[in-house]
Amino acid sequence: MQTHDDPLLKASRLFLFALLLIPVLYWSKLLFLHTTPKTYALYALSELSLVCFLWFKSRTSLVRAPLSPIGKLVLLYLSVLILTSLTGVNPAYSFWGSLDRMGGVLTWLHLVLVFFLAVNILRSQSDWVQFFSFSTLVALAVALVHLFSLGGDSLIPEAHGGSTFGNSSFLAVYLLFHFFFALYVAGEQIKTSRRLVWIMFAAFFFFTLRTISAVAVQYSLLGGIILLVSLLLILTAQRWKRIIGWFVLGALIVSFLATSTLIFVPDSFLHRTFIDLSSGSRFALWDMAWKGIRERPVLGWGLENFGTVSLKYYDACLGSQACGFEMWFDRAHNKVLDVWIESGVVGLSIYLSLFVATLYALNTARKNRRITPFTFVVFVSALATYFVQNLTVLDTNTSLLFWTLILAFGSTLNRPPTEKRTPLSALVPSFATIFLPFLLFFFVIQPVRGNLAFAQTLNATSLQERVEAYERATTLSPLGRDMRRAWLSAQTERVFWNIAPERLKDIESAARIELGMAQAGLKESLTHKSQELRAHIALGIMEQTEGHFFNPAGFEKAEAVLLEAIDLYPLIPQPKWTLAGVYLDMGRADEALALTQDVLSASPFSPQAYNYQLLVLKWMDDEAAFEDLAKKALLAVPALKADIDELRTADISTQSQELLTLFHR
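Just so it is clear, the structure is predicted and the values come from calculations on it, not from any experiment.

So, how was this worked out
Residues numbered from 1 in each chain as written. Predicted model: local features only at pLDDT ≥ 70, side-chain atom pairs only at ≥ 80, totals over all residues. Heavy atoms only, no water. Helix = DSSP H or I, 4+ residues; strand = E, 2+ residues; numbered from the N terminus. Rg over C-alpha atoms; globule rule 2.2 N^0.38 Å. Buried < 20%, exposed > 50% of the residue type's maximum accessible area, 1.4 Å probe, protein only. Contact = heavy atoms within 4.5 Å. Lys, Arg positive; Asp, Glu negative; His and termini not counted. Charge placed at Lys NZ, Arg CZ, Asp CG, Glu CD. Axes fitted to C-alpha atoms, helices over the stretch in contact; angles between N-to-C directions. Parallel < 35°, antiparallel > 145°, perpendicular 65-115°, else oblique. Nonpolar A, V, L, I, M, F, W, Y, C, P; charged D, E, K, R; others polar. Salt bridge = Lys/Arg side-chain N within 4 Å of Asp/Glu carboxyl O. Patch = residues over 30% accessible without salt bridge, like charges linked within 9 Å, V, L, I, M, F, W, Y side chains within 5 Å. Areas by Shrake-Rupley, 256 points an atom, 1.4 Å probe, with all protein chains shown as cover.

**Let's talk about the overall build of the chain**
No. 1: When helices and strands are counted, the chain shows 29 helices and two strands.
No. 2: Its C-alpha atoms give the chain a radius of gyration of 28 Å, near enough to 26 Å, the size a compact globule of 665 residues would have.
No. 3: Dimensions of the chain, computed from C-alpha atoms along their principal axes, come out at roughly 85 × 60 × 50 Å.
No. 4: Each of the 665 residues in the chain was classed as buried or not, and the buried ones make up 55%.
No. 5: For the chain, restricting intrachain contacts to residue pairs at least 6 apart in sequence, the fraction spanning at least 24 positions comes to 71%.
No. 6: Distance from the positive charge centre (54 side chains) to the negative charge centre (51 side chains) of the chain: 18 Å.

This is the structure:
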């Protein structure tokens, strides 16, 4: 039997190719509609491909040679990620990952699985040409969706200039990979006409990237193109071209090093330009990350735990205009720092070694004429460009998938011929087939059901349906469960605080059931220490809700849980603002004022800090203090004028409940 014609191998190959369709996936009914469907599909398709491949291996005596150095490093990197997550601050959270990023151990297990499937299924250069050709055609469709949206209409919900990715930077990185893939396919074409077609595709990606608001990718791509040209010149036979190539390469390296240095010099033009393009939040995040690294330098904090570091070492610049008004970050927006934070210097060393090993494999293959100099140059430039742009942004599962595929490509270049071995025991694929339904159920079906239940809760047409969907959303699957609980509690808060009293009385029974479920779920989340601060704040609001509408004892429970949050994260303003609202509700305005003053003293340029203290002063009917602070606020943050004018006209006697809800944001 010809192994290429084996139906099981074809099926495994089909599922592997289907992974390339992941970028087009989105599902508007899911939370993070652009991210979660892609990762669920990664899990399902890679598992299906594995089972088919194992059955194929049980029917053939052809096996591949021992692991390449890249393959060994990939396994070592996975082992280190598992180890550092087990020794990190929240092993369970590190395994499942956050719902919005899904970057935990579970995802890395599947990425490594894709690596080994690609290494074993894509056996020749022609296989890889077909693979990257198909991926490039998919990328063309994604790019066309983006270009269509430039006319004012979007085919994708909440595209935000990012086509099927919902984020312009994520789209740009995806197209960046395919700019180089198109060049690789062009270089492998024999006919000039076909080569020109693929070069046109690469040009199309280049000009599409110019329409995307992703500055880091655009500048990195320009540098990547210069690197590509310089390497091509260096590899030519003519001496004068080699001299020019080395000169261009040297100038590029010097420019990169100078830029990387000057960007940190406060008074330099590059520093000011970088802040204008991205705000000062990057420098604040990098400083916070460095503090976290110094605390746990060797093994890090575990996957997905930068959020814990950012809370512990919170920078008061966050939330201000200087840092783009954003306050919550779960990544350092620098891949090197992210890897260092999550897996320590051990993980970072192996991560960087993967790049070095792949470059070495490419160069060895070039010297041995297994690949052309052009292919060598294209993939070296792709890796360098991807690495450089990652120094100011964050990775996604899709970009990690294509990075993993490049590693797999490099791993296949220098392996020795296939050897005859005993076929794989049928017990292995049998067990894999038995376990496949369980894997799909726990890693795909249950997370999808829990995610869908969130939307079903919001769109329920009856109270009974809402309660049932609410229970599913807050109990199904550890993947994202704690985040769904916190987000749904905000919906519960609106049920109580934003509807007319007579309407609330009509649904009181069901509303109290929902309140109880919200409180119970959030208390359980606190035992997981996942989304800990978010769960504390959400539970504090739920306890305040109980105190405001039903039982005054709820106020004391709210105070206790919020004081615990403040004790855990003394630098974070949100629990202090929430507690200030509770104190106002309890009639303890002086304590509310002290809390808001404490935050304002620490964050004198934060619009929210001014708003909350002004709100407390309005509640206390201290007009003189209100006007005095309003003048200071307008000097510090002129954009607050509309908010201040609205507060001036507010009537505490009739709008007290509405104003209290402002502390829940």
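Having put the structure on the table, let's press on.
**Looking at the packing of helix 22 (residues 532-549) against helix 24 (residues 574-586)**
No. 1: It is at 10 Å that the axes of helix 22 and helix 24 come closest, and there the two elements cross at 5°. The angle between the axes of helix 22 and helix 24 places the two elements in the roughly parallel class. Of the residues in helix 24, those touching helix 22 at Leu533, Ile537, Ile541, Gln544 and His548 are Gln574, Pro575, Thr578, Gly581, Val582 and Asp585.
No. 2: Of the residues belonging to the contact of helix 22 with helix 24, the class tally is five nonpolar, five polar and one charged.

**Some thoughts on the environment of Ser656**
No. 1: Here Ser656 lies in helix 29 (residues 652-660).
No. 2: Using a relative accessible area of 27% as the deciding quantity, one classes Ser656 as partly exposed.
No. 3: When the C-alpha positions of Ser656 and Trp619 are compared, they lie 8.2 Å apart, and in sequence the two are 37 residues distant.
No. 4: Setting aside anything within four residues of it in sequence, one finds Ser656 in contact with Trp619 and Asp651.

**Considerations on the pattern of salt bridges**
No. 1: According to the stated counting rule, one finds 21 salt bridges in the structure shown.
No. 2: With a shortest N-O distance of 2.9 Å, Asp645 and Lys641 are connected by a salt bridge. A residue pair is termed a helical-turn pair when its members lie 3 or 4 positions apart in one helix, as Asp645 and Lys641 do in helix 28 (residues 641-648) at four residues.
No. 3: The class of Asp645 is partly exposed, set by a relative accessible area of 31%.
No. 4: Residues joined in a network through salt bridges with shared partners are Lys523, Glu543, Glu546 and Lys557.

**Describing the side chain of Asn390**
No. 1: By the element assignment, Asn390 lies in the loop between helix 15 (373-389) and helix 16 (397-411).
No. 2: The exposure class assigned to Asn390 is buried, which follows from its relative accessible area of 1%.
No. 3: Among residues more than four places away in sequence, those in contact with Asn390 are Asn334, Lys335, Tyr351 and Asp395.

**Here's the deal with unusual backbone geometry**
No. 1: Unusually for a residue other than glycine, Glu158 sits at a positive phi of about 50°.
No. 2: Mapped onto the elements of the fold, Glu158 is located in the loop between helix 6 (125-149) and helix 7 (168-187).
No. 3: Phi is positive for His160, close to 55°, though the residue is something other than glycine.
No. 4: Mapped onto the elements, His160 comes out in the loop between helix 6 and helix 7.

**Side note on a nonpolar patch on the surface**
No. 1: Nonpolar side chains collect at one region of the surface, where Leu427, Phe431, Ile434, Phe435, Phe438, Leu439, Phe441, Phe442 and Ile445 lie side by side and expose about 890 Å² of accessible area between them.
No. 2: Mapped onto the elements of the fold, Phe438 is located in helix 17 (residues 427-458).

**As for the environment of Phe201**
No. 1: Tracing the backbone through its elements, the reader meets Phe201 in helix 8 (residues 192-209).
No. 2: Separated by 18 residues in the primary sequence, Phe201 and Leu183 have C-alpha atoms spaced 8.3 Å apart.
No. 3: Setting aside residues no more than four positions away along its own chain, Phe201 makes contact with Leu137, Leu140 and Ala182.

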